[in-house]
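# Chains, contacts and geometry: an overview
This is what each chain is made of:
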Amino acid sequence: MKEIKPSISIFIGSVLIALLSFFLLGLLTFITEKNSWISLVVISCCIGLFSFILVRFFIFRLVRKRLGIIVKNILSANSENFMKTSVSMDTMIDQVESEIEGWEIEKIKEIDKLKEQEACRREFLGNLSHVLKTPIFSIQGYILTLLEGGLDDPNVNKLFLERASKATERMVNIVDDLDQITRIEADSLKLDIRPFDMIELVQDVIESLEQAAKEKEITIQIKKESNAIVEADKNKISQVLTNLLSNSIFYGNVKGTTTIGIENVENYTFITVADNGPGIEEIHLNRLFERFYRVEKSRNRNEGGSGLGLAIVKHILEAHGQSVTVKSEVGKGSTFSFTLNRSKNNTVGLFSSRGVQIK
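No experiment lies behind these values; they were computed from the predicted model shown.

## Looking at the sheet that holds strand β7 (residues 333-341)
Strand order across the open sheet formed by five strands is β2-β4-β5-β7-β6, with mixed pairing between neighbours. At either margin of the open sheet sits one strand with a lone partner, and together these are β2 (219-223) and β6 (324-329). The sheet shows a mean angle of 15° between the axes of neighbouring strands, taken without regard to direction. The sheet contact formed by strand β5 (residues 268-275) and β7 spans seven bridges and is antiparallel. Directly across from Tyr 268, in β7, lies its bridge partner Asn 341.

Laid out in structure tokens, this is it:
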């Protein structure tokens, strides 16, 4: 239902006051028989007109002044327009209502966002404590065993020290990854954009993970173009490939297959990392690139890694102006894809230590 404007409300109220006055004066006249009905009509109209003028030009002015102060206190950014321009009371009230409704909606959104951030913060802290518990408890157990006599046993001391060292190394990796994500999210990640051979980089990453692939008897294949020169930060893209390929190995099936595809599409090079592992349920795909997000069963955190690999992948590619996508089907495997800008001259070239190309 549409609300009645204040000026119309005042007019209707004045008419009602005039009618009420006419009724009361008419009743008085009927009792005393001293006044004519014409004079009653004139007097009633004068009373109604007086009430209209009183409210419209005096009380309204006071209300408008007070309302302007309220607007100035609540909506200081927009209230100057009300204070400087002479707008009607109806227009002013409409504008105030519109501004307050917008302000209310904005505040509700801010509150919802704060609640969401608080939930994410609690989840992040819970996931972080979960990730750190395993190496911390392992180190604690190894040290207690050594202190309780294992240090004197040559079959135990070296083995437990090596295991404690690996657990410590895992904690260091987690802290390093956290530090890197913090710098990326603070826009302090500096990229060294240069042309390089994507095929050569993929082969280097495969060689670095060859031992891990052999342990699970995973075959790594490459489907590549004859030439794929891209412009990006080579070290950062190497980290992207390492994280994606490591996940494919760690969470893939024993004796499985991982295929890395490199394809030139117009001004981009399209890179995919696909495996025939257990796959990921669709409900997890939207949150897969969140820090420490855990996909139970098929991707157990205890199998290794900091739980930050995919989040780092996402941030590095976004810093390059690109994005990463994932397609997965339970029981059939997963495919991660991203693009990079192709080099315009399609050559690598030589660069000085300061990053200046040498012709």
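Now, onward.
## Observations regarding the pairing of β7
Within a regular strand, the side chains alternate between the two sheet faces. Looking at chain direction, β6 and β7 are connected through six bridges and run antiparallel. Following the sheet pairing, Lys 327 is matched in β7 by Thr 335. The hairpin formed by β6 and β7 contains three residues between the paired strands, and Gly 331 there has a positive phi angle of roughly 90°.

## Side note on a nonpolar patch on the surface
A surface patch of nonpolar side chains, about 350 Å² in accessible area, is lined by Ile 12, Val 15, Leu 16 and Leu 19. Along the chain, Leu 16 falls in helix α1 (residues 6-32).

Reading guide: rules and limits
Residues numbered from 1 in each chain as written. Predicted model: local features only at pLDDT ≥ 70, side-chain atom pairs only at ≥ 80, totals over all residues. Heavy atoms only, no water. Pairing = 2+ DSSP bridges. Helix = DSSP H or I, 4+ residues; strand = E, 2+ residues; numbered from the N terminus. Axes fitted to C-alpha atoms, helices over the stretch in contact; angles between N-to-C directions. Patch = residues over 30% accessible without salt bridge, like charges linked within 9 Å, V, L, I, M, F, W, Y side chains within 5 Å. Areas by Shrake-Rupley, 256 points an atom, 1.4 Å probe, with all protein chains shown as cover. Salt bridge = Lys/Arg side-chain N within 4 Å of Asp/Glu carboxyl O.

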